[in-house]
Amino acid sequence: HARGMLYWHSRHGFCGVCGAPAASRHNGHERKCTNIECGISHFPRTDPVAIIAITRGRSMLLGRSARFASGMYSTLAGFVEPGETAEDAARREVFEESGIRVGDVRYVMSQPWPFPANLMLGMVGEAISEAITIDHDELDDARWFSFDEVTAMGNGSHPDDLRLPPDISIAHHLIRQILNS
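One structure accompanies this document, and this report is about it. (Residues numbered from 1 in each chain as written. Predicted model: local features only at pLDDT ≥ 70, side-chain atom pairs only at ≥ 80, totals over all residues. Heavy atoms only, no water.)

## A word on the pattern of salt bridges
Counted under the stated rule, the structure contains 10 salt bridges. Across the pair D47 and R45 runs a salt bridge, and its minimum N-O distance is 2.7 Å. Of the residues examined, D47 reaches a relative accessible area of 18% and is grouped as buried. In this structure, R163 and D161 form a salt bridge, with 3.8 Å as the shortest nitrogen-oxygen distance. (Salt bridge = Lys/Arg side-chain N within 4 Å of Asp/Glu carboxyl O. Buried < 20%, exposed > 50% of the residue type's maximum accessible area, 1.4 Å probe, protein only.)

## Overview of the packing of helix α3 (residues 147–154) against helix α4 (residues 170–179)
Where α3 contacts α4, the axes come no closer than 11 Å and their chain directions differ by 130 degrees. Of the possible angle classes, the one that applies to α3 and α4 is oblique. For α3 against α4, the interelement crossing comes out left-handed. Along the contact surface, α3 presents F147, V150, T151 and G154, while α4 presents I175, R176, I178 and L179. Along the lines of polarity and charge, the residues of the contact of α3 with α4 split into 5 nonpolar, 2 polar and 1 charged. (Axes fitted to C-alpha atoms, helices over the stretch in contact; angles between N-to-C directions. Helix = DSSP H or I, 4+ residues; strand = E, 2+ residues; numbered from the N terminus. Parallel < 35°, antiparallel > 145°, perpendicular 65-115°, else oblique. Left-handed = near helix turned anticlockwise from the far one by under 90°. Contact = heavy atoms within 4.5 Å. Nonpolar A, V, L, I, M, F, W, Y, C, P; charged D, E, K, R; others polar.)

## What to know about the packing of aromatic side chains
Using the criterion set out here, one finds 1 aromatic pair in the structure. Judged by centre distance (5.2 Å) and plane angle (70 degrees), the ring pair of Y73 and F145 falls under edge-to-face. On the criterion of sequence distance, the pair formed by Y73 in the loop between β5 (59–64) and β6 (76–79) and F145 in strand β9 (residues 141–146) is long-range, its members being 72 residues apart. On the basis of relative accessibility, which here comes to 1%, the residue F145 falls in the buried class. Between R101 and the ring centre of F95, over which it is positioned, the NZ or CZ distance is 4.0 Å. (Phe/Tyr/Trp six-rings, centres within 6.5 Å; stacked < 30°, edge-to-face > 60°. Lys NZ or Arg CZ within 6 Å of the ring centre and 35° of its normal.)

As structure tokens, this is what we get:
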């Protein structure tokens, strides 16, 4: 919470409407334009992100971004666009990044992620296609892993030293939920 608020305050010292200074109010949860003719209130922005763990039978689709720690694979995610449901965003992002089509999607949990101001909307879904076509602008790699491989990634015993995201992340919890169900 603190990181998200500090980020917002550091970038919103002035009114986005008229450019006058904006003063912090209500314990820092609002910035009000000091121009009496404008006087608009500004509030922190939260960007929704759809993050989804995809399965097909007893396999899970995981991807690897260039910015990830070496050997780490995770669920796929992306921003929800205006006018789009979180479920449709999840399907779109998975298709754009991996070429996989997704059928049923179920909301599971959420997590605030202040890097810088996101709300992760966690889902699980079932793939209705299998052939992967990687968008290399988004991912270095994407592949199907058996549940046994994913379990090994989670407990540090994968033969290729592949791992899951840290347990503070919603991706980790989505993966664990699937493995434990």
